[in-house]
Amino acid sequence: MNSSGVKLSDEKESLIYNPKIRSIFFQILALVIVFGSLILLRHNTLVNLEDRGKSLGFHFLGETSGFSILPTFGTWVVGYEVGVSTYVDVFIIGILNTLAVGLFGIIAATLLGFTIGIFRLSNNFILRSFAATFVEIFRNIPLLLWLFIVYFAVLRNLPAKREALFFTENIGINITGLYAPAPQPLEGFLYVLIALIVGMVGCIFFIKWSTRRFLITGKKFPGGWLGLILLICLPLAIYYILGQPLNWEDPIFKSDGPVFRRGYQAGMGMMIVPEMIAVWAALSLYTAAFIAEIVRSGILAISYGQTEASFALGLRPGTTLRLVIIPQAMRVIVPPLTSQYLNLLKNSSLAVAIAYPELVSVFGGTALNQVGKEVEMIFMLMLVYLSFSIITSIFMNWFNSKIKLVER
Amino acid sequence: MKKSFIFGAIAALGLISTGAFAGTLDDIKSKGFVQCGVSQGLPGFSNQDDSGKWTGLDVELCRAVAVAVFGDTNAVKFSPLSSKQRFTALSSGEIDILSRNTTWTMTRDTQLGLNFAGVNYYDGQGMMVPAGMGVSSGTELDGANICTNTGTTTELNITDYFRFNNMGFNLVAFEKADEVVAAYDAGRCDVYTTDRSGLAAQRLKLSNPDSHVVLPEIISKEPLGPVVRQGDDQWFNIVKWVHNAMVNAEEMGITSANVDSKKGSDNPAVKRLLGTEGSFGDELGISNDWAYNIIKHIGNYGESYERNVGPNTPLKLARGANALWTNGGLMYAPPIR
Ligand SMILES: N[C@@H](CCC(=O)N[C@@H](CS)C(=O)NCC(=O)O)C(=O)O
């Protein structure tokens, strides 16, 4: 600023001290190290594989697999058939089975976790101690043990294969699974699905519209109800207009014939194997205990003044909880809730212990053992879990930003 | 996360990060023991006794390798592995030798990058059902639920067998044998299938072993033997010849009891085996009295068989196909010369 001489001498030293050049230098250095390591890793991999007479490549994915897989959601969707289906199918089955148990697990764990978490803060002594016991028991015993406990409890208490406990005429359960009528979409069912989606969009729209109107004019309008009617009635109407394009295939139970043919008949109706029920139940219970604690701490994080203020306005305890406390607590709850969801998804890979064919078990285990492509298969597994995590995080971040406190 | 995934990941990491695995013998000598992969508990083959000591036919093979290298039956550490984990544990360098009722198949020998160093038990796959079912043949099993271990040849064979015979079935595949037994015992499955030797061992764990029958069908060939990684011929040779020495010793009538007196034998074949003639051990990179030590401390193949799985053990397995070739069996070792 004052003398150009000083500036000049600065520029002379600038090669080392100039922050810009320095930062470029370090960035290039980092890049070289990263790429260098990658090249080294690649080289090592190829050399090591060659030593064992192995090669890299994904050709194995097109080969047919020779093992059968327990009938589950994934095998049903893919239509798995030994000798015809390939390792790609096995991969997809694994993903679907992981997602199935993950999704239902997340739903159940959330419902249960919120309930228990709220119970823990209840004024009712019995509810409070029940919730505390639940949390302590499920949180402090390892998940793998829970899997075994639940699985063998399920097996020991269900009727044997050639008997069954019938809930209704066509819904029953025994040690081989829970059986119910299976939906079989016929031609035209697509339109029912479209109507369902239209109904859903309409429902959301109505709720938004009516709350906005309520905020502006103060007039209540049963937008929620109207939306709900739209959601249910529209698809139902289409369903009947098109002549009920959905067939229900009943399970069949036989008590005579060759010994091994007695009991529920393979391939008829919908079957949910006890392995899936046990994995789902164990994951849900275990994760619910953690969610309950998150919910409790979230609620406790809201200052008691909020409750007092709400009571002073004449709101009842239930309404206070629903309209004042929970919406604020959600901000504290959602971020750790996201990691619980991710944990649940990843923990589902313990299911191999009790024969549930999820991704790590059926692809990273059974299939890996048959083809021995560790590098490729672990890479694929990592990609899948990474995508699960990223998708869950994106969704939860979106949800988080929706419920964020709007600052005025 | 999940051991199996970790094993896979370790194997993958092992493959991408470390240098080559050649020189297993040098590694073993410098660490002072052999790391041996065994089952998680298969009585007679690899099982921990009440005091926590590993025993069994497969275990003694590992001990014999340790004796050959160090002259010490205890210079060996055991890694219990499920059938699913075993190959990745071997590929990744976690273990030096896999001796765990493992079937020699072409895929494993070629695509998995492994080498089978011989066969220490000739077996075949069998099926077990509760006696009360009243079935007497595998062909009556249409519609059965079947329990077994995942990551095995068993899974593939049973699938082939049912498909070939046009029978329907559901396969419930567990990672660990204990769960297979428990689930079968609880009635989840009508059939328990695995190697016949495995059936003989695992049925001992059932709540009522005598109320189950093994069906007559043998639906596959299961040559079980020790396995090493490809790419290290010296180590491969050591394991291979440890087994051969035990079989040759039986054929020559050399036992742990008489090996010292046999040391003075004039028979050149005996002299070569016991290291009083030639330099067979030195050529392998181990001591020249390697085979003497094995026989002295462990015994010959027949002794190991009788002690662990033979008719006088709970498994009650007759020698059958595992008798020496001179007795009408399949056990045959190339000569030491
Ligand atoms: N020989 C077959 C099957 C070996 C196998 O895993 N057998 C089971 C059942 S006998 C077993 O070793 N169980 C004991 C354990 O899992 O520790 C193979 O190599 O694939």
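The rules behind the values
Residues numbered from 1 in each chain as written. Chains lettered and ligands numbered in written order. Predicted model: local features only at pLDDT ≥ 70, side-chain atom pairs only at ≥ 80, totals over all residues. Heavy atoms only, no water. Domains from an automatic or database assignment. Contact = heavy atoms within 4.5 Å. Buried area = accessible area lost by both parts, 1.4 Å probe. Salt bridge = Lys/Arg side-chain N within 4 Å of Asp/Glu carboxyl O. Polar contact = N/O pair within 3.5 Å; in protein donor to acceptor, adjacent residues only side chain to side chain. Nonpolar A, V, L, I, M, F, W, Y, C, P; charged D, E, K, R; others polar. Axes fitted to C-alpha atoms, helices over the stretch in contact; angles between N-to-C directions. Helix = DSSP H or I, 4+ residues; strand = E, 2+ residues; numbered from the N terminus. Parallel < 35°, antiparallel > 145°, perpendicular 65-115°, else oblique. Left-handed = near helix turned anticlockwise from the far one by under 90°. Buried < 20%, exposed > 50% of the residue type's maximum accessible area, 1.4 Å probe, protein only. Near = heavy atom within 4 Å. Areas by Shrake-Rupley, 256 points an atom, 1.4 Å probe, with all protein chains shown as cover. Pairing = 2+ DSSP bridges. Expected span 1.5 Å × (residues − 1). Phe/Tyr/Trp six-rings, centres within 6.5 Å; stacked < 30°, edge-to-face > 60°. Right-handed = clockwise from strand over helix to strand, strands pointing away.

This paragraph deals with the domain arrangement of chain B. Residues and elements named next belong to chain B. Segmentation of chain B into domains returns domain 1 (20–122 + 224–327) and domain 2 (126–220). Between the C-alpha centres of domain 1 and domain 2 the distance comes to 29 Å. Residue-level contacts link 19 residues of domain 1 with 15 residues of domain 2. Summed over both sides, the interface of domain 1 with domain 2 buries roughly 1300 Å², with 57% coming from carbon and sulfur. On the domain 1 side of the contact with domain 2, Leu42, Ser83 and Lys84 bury the most area, a combined 29% of that side's loss. Put simply, domain 1 and domain 2 have one salt bridge between them. Across the pair lysine 84 and glutamate 175 runs a salt bridge, and its minimum N-O distance is 3.7 Å. At the junction of domain 1 and domain 2, the tally comes to four residue pairs in polar contact (both at pLDDT 80 or more). Residue classes in the side of domain 1 that touches domain 2 are distributed as eight nonpolar, eight polar and three charged.

Geometrically, a packed helix pair is captured by the angle between its two axes and the distance between the axes. All names here are of chain A. Two elements in contact, helix H4 (residues 87–120) and helix H9 (residues 274–300), have axes whose closest approach is 6 Å; the angle formed by their N-to-C orientations is 40°. Between H4 and H9, the crossing angle belongs to the class labelled oblique. Pair H4 / H9 crosses with right-handed handedness. When its residues are assigned to classes, the contact of H4 with H9 shows 19 nonpolar, six polar and three charged.

Before going further, it helps to spend a moment on the side chain of glutamate 275 of chain A. Looking at the secondary structure, you find glutamate 275 of chain A in helix H9. Given the relative accessible area of 0%, glutamate 275 of chain A is considered buried. Not counting chain neighbours up to four residues away, the residues in contact with glutamate 275 of chain A comprise Leu70, Tyr151, Ile354, Ala355 and Tyr356 of chain A together with Val172 and Arg188 of chain B.

Each side of the interface is counted separately: chain A has 53 residues, and chain B has 61 residues. Of the roughly 4600 Å² buried where chain A meets chain B, counting both sides, 58% is carbon and sulfur surface. Area buried by chain A at its contact with chain B is led by Arg52, Phe260 and Asn369 of chain A, which between them contribute 18% of it. Seen at the junction of chain A and chain B, the total is four salt bridges. Residue aspartate 142 of chain B pairs with arginine 261 of chain A through a salt bridge whose shortest N-O separation is 2.9 Å. Counting residues per element, the ones that place at least two in the side of chain A that touches chain B are helix H2 (19–51), helix H6 (143–157), H9, helix H11 (317–347), helix H12 (359–371) and helix H13 (374–403) of chain A.

Let us now look at the site of the ligand. Residue and element names in this part refer to chain B. Residues in close proximity to the ligand total 22 residues, the closest being Gln40, Arg86, Asn101, Thr103 and Asp195. Note that an oxygen atom of the ligand is positioned 2.9 Å from one of the backbone N or O atoms of threonine 153. Look at the ligand: alone it shows 490 Å² of surface, and the protein chains cover 100% of it. Elements that contribute at least two residues to the shell around the ligand include exactly helix H6 (153–164), strand E11 (191–195), helix H8 (196–202) and strand E13 (222–224). A class-by-class count of the residues in the shell around the ligand yields three nonpolar, 14 polar and five charged.

Residues and elements named next belong to chain A. As paired elements, strand E2 (residues 171–174) and strand E3 (residues 177–180) share three bridges and run antiparallel to each other. Of the residues in E3, the one forming a bridge with isoleucine 173 is leucine 178. Between E2 and E3, which pair antiparallel in sequence order, lie two residues. Relative to strand E8 (residues 270–272), E3 is paired through three bridges, and the arrangement is antiparallel. Across the sheet, leucine 178 pairs through a bridge with isoleucine 272, a residue of E8.

Time to look at the domain arrangement of chain A. Interfaces are often sized by the accessible area lost when the parts come together. In terms of domain boundaries, chain A breaks down into domain 1 (11–51) and domain 2 (73–181 + 250–403). Summarising the inter-unit geometry, the C-alpha centres of domain 1 of chain A and domain 2 of chain A are found 44 Å apart.

Here helix H7 (residues 189–217) of chain A spans 41 Å end to end across 29 residues, near enough to the 42 Å set by a 1.5 Å rise per residue. Once H7 of chain A ends, the next one or two residues include glycine 218 of chain A, with phi positive near 80°.

Turning to helix H7 (residues 177–185) of chain B, its buried residues number three or more, namely Ala177, Glu179, Val180, Val181, Ala183 and Tyr184 of chain B. Downstream of H7 of chain B by one or two residues, glycine 187 of chain B has phi in the positive range, about 95°.

Moving on: the packing of aromatic side chains. Tallied over the full model, the rule gives 28 aromatic pairs over all chains. Ring geometry for phenylalanine 45 of chain B against tyrosine 121 of chain B: centres 5.3 Å apart, planes inclined by 80°, an arrangement best described as edge-to-face. Taken together, the residues span a long stretch of sequence, with phenylalanine 45 of chain B in the loop between strand E1 (34–38) and strand E2 (47–48) and tyrosine 121 of chain B in strand E7 (residues 121–123) at a distance of 76 residues. Grouping aromatic residues by their ring pairs yields a cluster made of Phe58, Phe60, Phe67 and Tyr87 of chain A.

All names here are of chain B. Residue placement: aspartate 178 occurs in helix H7. The class of aspartate 178 is partly exposed, set by a relative accessible area of 44%. With 137 residues separating them in the primary sequence, aspartate 178 and glycine 41 have C-alpha atoms 8.5 Å apart.

All names here are of chain B. The buried fraction of strand E10 (residues 169–174) amounts to six of the six residues, a majority that puts the element mostly inside the structure. Side chains of E10 alternate between two faces, with Phe169, Leu171 and Ala173 and Asn170, Val172 and Phe174 buried alike. Assessed by its sense of winding, the connection that carries the chain from strand E9 (residues 144–149) through H6 to E10 is right-handed.

Turning to unusual backbone geometry, a few remarks are in order. When glycine is set aside, most residues are seen to have a negative phi, and most peptide bonds are trans. The phi dihedral of asparagine 166 of chain B is positive, around 55°, even though this residue is not glycine. Its identity is not glycine, yet lysine 316 of chain B carries a phi of approximately 50°, on the positive side.

The next point concerns the pattern of salt bridges. Across all of its chains, the model carries 14 salt bridges over all chains by this definition. Across the salt bridge formed by glutamate 293 of chain A and arginine 296 of chain A, the nearest N and O atoms sit 3.3 Å from each other. Pair noted here: glutamate 293 of chain A and arginine 296 of chain A are both in helix H9, with a separation of three residues, about one helical turn. Between lysine 296 of chain B and aspartate 260 of chain B there is a salt bridge, with the nearest N and O atoms lying 2.8 Å from each other. You can see lysine 296 of chain B sitting in helix H13 (residues 290–297) and its partner aspartate 260 of chain B sitting in helix H10 (residues 259–262), a full 36 residues away along the chain. Connected through shared salt-bridge partners, Arg120, Glu136, Arg139, Glu293 and Arg296 of chain A make up one network.

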